[in-house]
Amino acid sequence: MANDPVSLRQLFKKWKGPYHPRNGDNIALQDARLDLGVRFGENYYAGYFSRYNAFIRTNRDFTDFYHTVKNKLPFDSTRTYRLKLEIEGIKENGVIFSSFGILFEDDDSRLEVGAALSLSLANTMQDGTIDGTAHIEDRKTYTITARSRYHYTHNYLYHLDVEDADGFGLGSDFALAWYLKAYRLTTKLVVNDLFSRVYWHDLPYSFVNIATKNKSYDADGYVHYAPTINGLEKYVNFTQKIEPRYQLVMMKNFMSGLRLSAGTGYAYKTLFPFVRVGSQFWEDHYLGVTYESRFQSFGVEYSNQNFFLGLSADALHEVSALGLNTGFRYWF
């Protein structure tokens, strides 16, 4: 989980505390997944997965405007805010089947390939955009005009009771690994959700114009609105594209047990570069540290033959980026 402008603790509250937005795009994301499965034969895996992915991208104007409103701060009366937001998310459960094999091997190198297919059911989703303008009238008053295109299972933009919707998902993943044996060098490419889709039936959809009307003021003189909404609301069949996520890593192993890695993730039109250094000790134990530059987070990780654990964060207090990766393997 990560968020640019404020800490994760404040993201769903009042946006109090340190405020550190980025120039340009500001993002908030959650990528949570649980897998339970079994490997069988030499090269096959089957299992169950559950995931909840969410992503929000806003421009700097939207972020500043929202922070000002949430904290009842004075507006810059000379500023006009150009508001842009996009959101996508999916919650689904399903089964996955994967396999890997060797495409090529000689005395110097080996090339491995892996692929996975999944089937899922989904009952929660978000997919939409908001574009608009906020005009500042004085230090406590504003007006907004905006347009939204929005597919959803719960309407977070305005209150509207809708029927439940279900989706059927098809997913695929792909990976390559190239080993240079003499140099103890490994290069890996992993692509998740390469062609993944969720097919929704009778999904709520809104294409509406929003305007701030029905003005009132609180005890401190800040404006409140009961906005007007007009446009199209209906149920549609919709194909949701799950955003692919890529990771490219190069890893060098040394005879001493030292391991150096560098790579990048790429998702939602954003790069997530990282470097990692670690060492193997006591035969099958490994301990490493990682630095990820997009959110400037540091991490530690430990693994042995049966267990692995990784934890990362961008701060010890008021955390804005937090990662946890853990698992257990047992051979019998």
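Quick caveat, the model's predicted, so the values are computed rather than measured.

**What about the nonpolar core?**
In step 1: In terms of nonpolar packing, the biggest core is built from 14 residues, with Phe65, Phe75, Tyr81, Leu83, Ala134, Tyr142 and Ile144 touching the most fellow members.
In step 2: Of all the secondary structure elements, the ones that give two or more residues to this core are α2 (60–70), β4 (80–105), β5 (109–138), β6 (141–152) and β11 (223–225).
In step 3: Excluding residues that lie within four positions of it along the chain, leucine 83 makes contacts with Asn59, Asp61, Phe62, Phe65, Ile130, Asp131, Gly132, Thr133, Ala134 and Ile144.
In step 4: Counting residues in hydrophobic clusters, the runner-up holds 11 residues, among them Ile90, Met125, Ala165 and Tyr205.

**Side note on empty space enclosed by the protein**
In step 1: Under the counting rule described, the total for this entry stands at one cavity of 30 Å³ or more.
In step 2: When its volume is computed, the largest cavity comes out at roughly 70 Å³.
In step 3: Forming the walls of the largest cavity are Asn53, Glu88, Gly89, Ile90, Asp127, Gln240, Lys241, Ile242, Glu243, Arg245 and Tyr268.
In step 4: Per-element tally for the lining of the largest cavity: the top contributor is β4, with three residues.
In step 5: Here the residues of the lining of the largest cavity are counted per class, giving three nonpolar, three polar and five charged.

**Thoughts on the pattern of salt bridges**
In step 1: On inspection of all chains with the given rule, the structure shows 20 salt bridges.
In step 2: Here aspartate 25 and arginine 57 are joined by a salt bridge, their closest N and O atoms 3.5 Å apart. Of the two residues, aspartate 25 is situated in the loop between α1 (8–11) and β2 (26–40) and arginine 57 in strand β3 (residues 44–58); the sequence distance between them amounts to 32 residues.
In step 3: Given the relative accessible area of 40%, aspartate 25 is considered partly exposed.
In step 4: For arginine 57, a relative accessible area of 9% gives the class buried.
In step 5: For the salt bridge of glutamate 105 with lysine 181, the shortest nitrogen-to-oxygen distance reads 3.1 Å. Taken as a pair, glutamate 105 in strand β4 and lysine 181 in the loop between β7 (166–180) and β8 (185–192) lie far apart in primary sequence, 76 residues in all.
In step 6: Judged by its relative accessible area of 43%, glutamate 105 is partly exposed.
In step 7: With relative accessibility at 33%, the residue lysine 181 sits in the partly exposed group.
In step 8: A single network of salt bridges, built from pairs that share partners, joins Asp31, Arg51, Glu92, Asp193 and Arg245.

**Some details on the pairing of β4**
In step 1: Note that β3 and β4 share 15 bridges and pair antiparallel. When the sheet's bridge partners are listed, glycine 47 is paired in β4 with isoleucine 96.
In step 2: Sheet analysis places β4 next to β5, joined by 25 bridges and oriented antiparallel. Bridge pairing in β5 places leucine 83 opposite glycine 132.
In step 3: Here β4 hands over to β5 after three residues, the two strands then running antiparallel side by side.

**Quick look at unusual backbone geometry**
In step 1: The phi angle at tryptophan 15 is positive, at roughly 55°, despite the residue not being glycine.
In step 2: Topologically, tryptophan 15 is positioned in the loop between α1 and β2.

**Topic: the side chain of aspartate 173**
In step 1: For aspartate 173, the location among the structural elements is in strand β7.
In step 2: Buried and unpaired, aspartate 173 has no salt bridge, with arginine 33 as the nearest side chain of opposite charge at 5.5 Å.
In step 3: Among the polar contacts made by the side chain of aspartate 173, one reaches the side chain of asparagine 192 at a distance of 3.2 Å.
In step 4: Excluding anything up to four places from it in sequence, aspartate 173 contacts Ile96, Gly114, Ala115, Ala116, Val191, Asn192 and Asp193.

**So, α2**
In step 1: By the burial criterion, the buried members of α2 are Asp61, Phe62, Thr63, Asp64, Phe65, His67 and Thr68.
In step 2: In the core, the buried residues of α2 are packed alongside β2, β3, β4, β5 and β6.
In step 3: At the C-terminal side of α2, lysine 72 shows a positive phi close to 50°.

Cut-off values and rules
Residues numbered from 1 in each chain as written. Predicted model: local features only at pLDDT ≥ 70, side-chain atom pairs only at ≥ 80, totals over all residues. Heavy atoms only, no water. Core = buried A, V, L, I, M, F, W, Y, C linked by side-chain atoms within 4.5 Å. Buried < 20%, exposed > 50% of the residue type's maximum accessible area, 1.4 Å probe, protein only. Helix = DSSP H or I, 4+ residues; strand = E, 2+ residues; numbered from the N terminus. Contact = heavy atoms within 4.5 Å. 1 Å grid on protein atoms, 1.4 Å probe; cavity = no way out; pocket = protein on both sides within 12 Å on 5 of 7 lines; lining within 4 Å. Points joined across faces, edges and corners; volume = space filled by probe spheres on them. Nonpolar A, V, L, I, M, F, W, Y, C, P; charged D, E, K, R; others polar. Salt bridge = Lys/Arg side-chain N within 4 Å of Asp/Glu carboxyl O. Pairing = 2+ DSSP bridges. Lys, Arg positive; Asp, Glu negative; His and termini not counted. Polar contact = N/O pair within 3.5 Å; in protein donor to acceptor, adjacent residues only side chain to side chain.

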